Structure formats: C-alpha cells, structure tokens
Amino acid sequence: MEVTKTGEEPAPSTKRHRPNTPITKGPSVDDFTPTSMTLDAFNQLSRNQKKKVLRQELWDQRSGEFREKQRAKRSVLRKRHKQRVKLGEVPAKRKLDEQERSGHSIIIDMDFDEKMHDTEIKSICSQLVRCYSTNRHGPQFVDLHITKLHERCRARFDKAIADHTEWPASRIMFHDTELLDVFGADKLVYLTADSPNEITELDTQKVYVVGGLVDKNRYKRLTLDKAEQMGVAHARLPIGQYVQMASRKVITVNQIFEILVKFVETGDWKQAFLEVIPQRKFNEGKSGGAKAVKDADGAAEGVEAEDADGAAEGVEAEDTDEAEVSEEADDVSDRESSV
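As the structure is a prediction and not an experimental result, all values here were calculated from the model.

Quick notes on the rules
Residues numbered from 1 in each chain as written. Predicted model: local features only at pLDDT ≥ 70, side-chain atom pairs only at ≥ 80, totals over all residues. Heavy atoms only, no water. Helix = DSSP H or I, 4+ residues; strand = E, 2+ residues; numbered from the N terminus. Buried < 20%, exposed > 50% of the residue type's maximum accessible area, 1.4 Å probe, protein only. Axes fitted to C-alpha atoms, helices over the stretch in contact; angles between N-to-C directions. Parallel < 35°, antiparallel > 145°, perpendicular 65-115°, else oblique. Left-handed = near helix turned anticlockwise from the far one by under 90°. Contact = heavy atoms within 4.5 Å. Expected span 1.5 Å × (residues − 1). Nonpolar A, V, L, I, M, F, W, Y, C, P; charged D, E, K, R; others polar. Pairing = 2+ DSSP bridges. Right-handed = clockwise from strand over helix to strand, strands pointing away. Salt bridge = Lys/Arg side-chain N within 4 Å of Asp/Glu carboxyl O. Core = buried A, V, L, I, M, F, W, Y, C linked by side-chain atoms within 4.5 Å.

Student: Got a minute to help me understand the overall build of the protein in this structure?
Tutor: Counting its secondary structure elements, the protein contains nine helices and six strands. Expressed as a percentage of the 339 residues in the protein, the buried residues total 44%.

If you want it as structure tokens, here you go:
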C-alpha cells in the first residue's frame, strides 16, 4: 500500500479515467480542398478565413444528420411537455383567440446590421425569436413590428429560421423598410439609454422603438443620435426609480421587450423589472436577492448609459444565454446553434 511521507494513506484520486480511445481530428486547412471555391482562391485567404470556409463546408455535409437528431430531440421535448401539462406542472399553450390585444405597439429597429459581428448577428436573431415567443404566449399581446430586417439578419432568418414566414402577422410583422416608412414621426418614441427623458406610462397612441443591436458597448449615443436625426421623441425606462442594478448593467433586447410587455399586463414597473431582469443583475443585500428601491430619495443613481444598442432602460445588451423562453423559442435556438 502506498503511503505518504507522514505515514498516512493518500487521498483517493478524483480524476476520471477515460478509456484509451483514439482521438479523431477533423481535416486541417493545410490539406483541405474546398468545393465551394477554386483552390487558388482558397489559398489566397487568411488562415482564419480558410477555417471559416472549412467549418461551413463540414456543416453543409453534416447538417442533414444534425437536423434529424434535433427533430428527434424536439419530439421527445414535446411529449415531455404534454405530460407536464397533463399533470398540471405547466400551463397549456394559449391559443391565438385566448390572447387579448393590448392596443400597444412596439418596434424593434434592425437598421444596424453593419454594426455587428457575425456572432452578434446570430445573437440578435435569437433574441427576435424570443420576443416573438413572449408575444405569442402571454395573456396579452402587443403589435410587434420588426423594421429594416435586411442583409445578414435577413439571410439568417431565411436560412436558419425559415418557418418565420408562417408566424401569425397578428403577433409579429416583418418590414424591409425604415421606421418612418411604417409609422409617422409624431407617433414614434425611441427608447434609448442616453435620453434625458424618462417615461412613466406607455401610451397606446404612441409606438415605442427598441434598437435591435448587440454591440458590446462599442457605439456611444447611436440610437439617440438616430432618433434626433429622424426628429422623433426619445426616452428611457425608469429603472433607477424602482431597482438598484449591480455594477454591470446588462440586459438583452428580448428582456427589454419582456419588460414592456409585462408592464402592459400589470401596470407596475417594479414588478416588470424584478420579474424579467435576472437576479444576478441586481445589487444584493445581506440576505441576497434583488434590492428594490424604496423611494426616489433612497434610490441609487439611475442606471447609467453603458450601451447605445437600444438598451432602452439605460443598460447594455448581451447574449441571450440567461433568458427564459418557451419550448418553441428553445427549439429555434437549438436549430440556430450550429448553423
């Protein structure tokens, strides 16, 4: 028996022993022959560009197998969900005629395609799916418009979320045109972190605009400048009056939409913020949990404008890993993850 220098038995190893199976590696860009372009054109690319071409062609070869696995996975999830509904663990999916039209209108402005990297394009498209899911499953729905869906975002929807054309227009409407081609300037209120104005209510006679951008705080005043150039009103949500955020004020575009929808349902900003914003985003007291502002005098400073990507309440947009969504949106996100 092995013993240590002190005469004690060593602690058992916690390492997991894997069987001696060979590790298979994919093809290298050095010996890869592309099918989507000539070899001369491929050799003129940078190494990172070659890797992108390699990954895309491998995906094209394996996408059929992947989609079959995803269909099987979704089938299992649907059966599991039906069983949970039957047991009363989760509510049944609402039918369209069971939802009540709120009379409010919200636009997600997608006129920022050239401002985002490819991974951010993927993220914002997933966030739009989640916005649709929120609008489709709540007790009330708003008139949701997606404007200026073009270039890479449009291509991604057409390829990875092709069934968006079957979504009911009463729950989401897609426009290739700009904001002002859909609504008059006098009806628009652009929600932006940098606005000095703060809204207290949502007016059914107004159309509220959220910038559809994930930019990791690269662009300052982007949405405010756009609102001023268009000559439309602008405002920010009153987060600082109701809750204290942690040092990193980050929520997603779909969470902004959920906050607006929740306020439409409840008429209570505090409830909307606390129910939608992840708990880790709040300052925590000694007992943990969200720390709500008791009154305006006791509030910390309002949420500072960290991001100009349409984070309407003065917070920055991030990826959507933390957001809770319905099974329908999860399915689409799964389908997008490897596209």
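Student: What is the right way to read the packing of helix α3 (residues 118–137) against helix α7 (residues 253–266) from this model?
Tutor: A pair of packed helices is captured by two measures, namely the crossing angle of their axes and the spacing between those axes. Two numbers describe how α3 lies on α7: the axes approach to 8 Å, and their chain directions differ by 20°. Compared by their axis directions, α3 and α7 come out roughly parallel. For α3 against α7, the interelement crossing comes out right-handed. In this structure, α3 contributes I124, Q127, R130, C131, T134 and N135 to the contact, and α7 contributes V253, N254, F257, E258 and V261.

Student: I'm lost on α3 in this one. Help?
Tutor: Side chains three or four residues apart in an α-helix point the same way, a direct result of the helix having 3.6 residues per turn. With 20 residues, α3 ought to run about 28 Å at 1.5 Å a step, and its terminal C-alpha atoms sit 29 Å apart, in line with that. Counting buried positions along α3 yields 15 of 20 residues, so the element is predominantly enclosed.

Student: So what exactly am I meant to see when it comes to the packing of α7 against helix α8 (residues 269–276) here?
Tutor: Interhelical geometry of α7 versus α8 gives an angle of 140° and a closest axis separation of 8 Å. One way to sum up the angle between α7 and α8 is to call them oblique. At the point where α7 passes α8, the crossing takes the right-handed sense. Facing Q255, E258, I259, L260, K262, F263 and T266 of α7, the residues of α8 in contact are W269, Q271, A272, F273, E275 and V276. Here the contact of α7 with α8 is composed, by residue class, of seven nonpolar, three polar and three charged.

Student: Just to check I follow, could you spell out the pairing of strand β2 (residues 140–147) for this structure?
Tutor: In regular strands, side chains alternate between the two faces of the sheet. The buried fraction of β2 is high, at eight of eight residues. Bridge count between strand β1 (residues 100–109) and β2: seven bridges; the pairing is parallel. Bridging across to β2, D109 finds its partner in T147. In terms of handedness, the path from β1 via α3 over to β2 forms a crossover that is right-handed. Alignment of β2 against strand β3 (residues 173–174), held across two bridges, turns out to be parallel.

Student: What is the right way to read the pattern of salt bridges from this model?
Tutor: Note on pairing: side chains with opposite charge can pair once their charged atoms come close. Applying the stated criterion across every chain yields a total of 19 salt bridges. A salt bridge links K69 to E65; the shortest N-O distance between them is 3.6 Å. Of this pair, K69 and E65 both sit in helix α2 (residues 47–86), four residues apart, which is roughly one turn of the helix. K226 is the partner of D111 in a salt bridge, and the nearest nitrogen-oxygen pair spans 3.1 Å. Taken together, the residues span a long stretch of sequence, with D111 in the loop between β1 and α3 and K226 in helix α5 (residues 222–230) at a distance of 115 residues. Accessibility assignment for this pair places D111 and K226 in one class, buried.

Student: What should I look at first to understand the pairing of strand β5 (residues 207–211) in this one?
Tutor: Counting buried residues in β5 gives five out of five residues, a clear majority hidden from the surface. Relative to β5, β1 runs parallel, the two sharing five bridges. Pairing of I106 across the sheet is with Y208, part of β5. Two elements, strand β4 (residues 188–191) and β5, share four bridges in a ladder whose sense is parallel. Counterpart to L188 in the pairing with β5 is V207.

Student: What exactly am I supposed to notice about the environment of I251 here?
Tutor: Note on placement: I251 falls in the loop between α6 (239–242) and α7. Each C-alpha atom, one on I251 and one on V276, is 9.5 Å from the other, the two residues being 25 residues apart in sequence.

Student: When you look at the environment of A185 in this model, what are you seeing that I'm missing?
Tutor: Relative to the helices and strands, A185 resides in the loop between β3 and β4. With 46 residues separating them in the primary sequence, A185 and G231 have C-alpha atoms 6.9 Å apart.

Student: What am I meant to see in the nonpolar core here?
Tutor: Within soluble globular proteins, side chains that are nonpolar tend to cluster in buried spots. Counting residues in hydrophobic clusters, the biggest one holds 61 residues, and the most contacted among them are I259 and W269. The contacts of W269, once residues within four sequence positions are left out, are I199, T200, E201, L202, L237, P238, Y242, I259, L260 and F263. F32, V53, L54 and L58 belong to the second largest nonpolar core, which has six residues in total.

Student: What exactly am I supposed to notice about the sheet that holds β5 here?
Tutor: The pairing of strands in a sheet happens through backbone hydrogen bonds and is either parallel or antiparallel. As summarised here, the arrangement of the six strands in space is β3-β2-β1-β5-β4-β6, forming an open sheet in which the pairing is parallel. The sheet terminates laterally at β3 and β6 (233–235), the two strands that pair on one side only. Here β4 runs beside β6; their pairing, made up of three bridges, is parallel. Residue pairing for β6: Y190 is matched across the bridge by H234. Each of β1, β4, β5 and β6 touches α5; the most contacted strand, β4, lies at about 160° to it.

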